[in-house]
Amino acid sequence: VFDGVYPFYLQQRKVAVFDVSSIIVIVVFLTFACSFLLIIPGIRGRVRLYWTLRVLLSLLVGVVIVAVQFTGDWETGWVTANTSYKSFSHALVNADIGLHVGLAGVNVTLMGNPVNQVNETINYNEHFSWSFDADYDHSYSEGLERGLPSPILYVAEKFTTQSPCSMHRQYRISGHYASATLWVAFCTWLISNMLFSMPVLVYGGYMLLVTSAFMIFSLLSFSTVRNSLMCPIQFGTATLYISYGGSFWLTLAIGLLCFVAGITVVTLHYFSLDLLKTFFDLRDDKAEEHQEMTEVYVNAHFMNNGR
């Protein structure tokens, strides 16, 4: 303790939107995409375009379903305010305070305007997790011991289990259910890809519809926090409001994309099956070509000996 105040540290612990897990997921799917692009020149004709479209769209759906599990911008909010910087001090600073809510926790950002004020660099970004293997209250207590700035502790306190706002319980439960339904959507996405590789295309379309349904269920689960009263987060006369962020809208867009793709596959199955088989490179003329090749390559010597 220095002059009765916990010392501050300048290290940033986690990015507000992306973390290491999200980057790993993106790199893995980009590796799959690049590997496919290396073999795509070996596919001849118009089928090359169909294969490219199918594979890239499928990888896009997969990477979004997994990556949004680790992002921190399902809900975001910013406010600029004059606020106290540390406990037991009357000094005020002008800063941007940001709140980023993910499925597994919250990020609280504090950026000074300008960054250097009161002889310190005001540039903080703290993550507080409520996942199954994390204790949110313990993370908050550690923040108190490290002497984090007052605006960060004030926002983080709203999500503690002891807070009368009950925001911790609301966000934690909705986030867990949203994450679980997204993992189910990922499993159904895998099944749809396996079905599309077999001559049962209509069932692949059905599984795409199921994938879309579970992605929409995850959004509905997360949005249930809006049904309860939210405690105001105020800094003097300024109020921090939060709204749906990029991950929420991206999940909604991909869910609608899966719905449109599934409806298209099912519709083509019943009204234009030949076009559907052409797009998936499962045309009947391929089987006829194989049969013709079998009849052409017949060894006449063995046929004569058989007589």
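Before reading further, recall that the structure is shown in the block above.
Residues numbered from 1 in each chain as written. Predicted model: local features only at pLDDT ≥ 70, side-chain atom pairs only at ≥ 80, totals over all residues. Heavy atoms only, no water.

Bringing the overall build of the chain into the picture now. Counting its regular elements, the chain contains ten helices and seven strands. Buried residues in the chain amount to 44% of all 307 residues. Put simply, of all contacts in the chain between residues at least 6 apart along the chain, 68% involve residues at least 24 apart. With an accessible surface of roughly 17100 Å², the chain has 65% of that area assigned to carbon and sulfur atoms. (Helix = DSSP H or I, 4+ residues; strand = E, 2+ residues; numbered from the N terminus. Buried < 20%, exposed > 50% of the residue type's maximum accessible area, 1.4 Å probe, protein only. Contact = heavy atoms within 4.5 Å. Areas by Shrake-Rupley, 256 points an atom, 1.4 Å probe, with all protein chains shown as cover.)

Moving on: the nonpolar core. Membership of the largest hydrophobic core comes to 67 residues, with the highest contact counts inside it found for Leu99 and Tyr171. Excluding residues within four positions of it along the chain, tyrosine 171 makes contact with Glu75, Val101, Trp130, Phe159, Phe222, Val225, Met230 and Ile242. (Core = buried A, V, L, I, M, F, W, Y, C linked by side-chain atoms within 4.5 Å.)

This paragraph deals with unusual backbone geometry. Omega for the peptide link from asparagine 113 to proline 114 comes to 0 degrees, which places this bond in the cis form. Positionally, proline 114 belongs in strand E3 (residues 105–117). Of note in this structure, valine 118 is not a glycine but carries a positive phi near 45 degrees. Its location among the elements puts valine 118 in the loop between E3 and strand E4 (120–129). For asparagine 119, which is not a glycine, the phi torsion comes out positive at approximately 60 degrees. Position of asparagine 119 relative to the elements: it lies in the loop between E3 and E4.

Geometry only, nothing functional implied.
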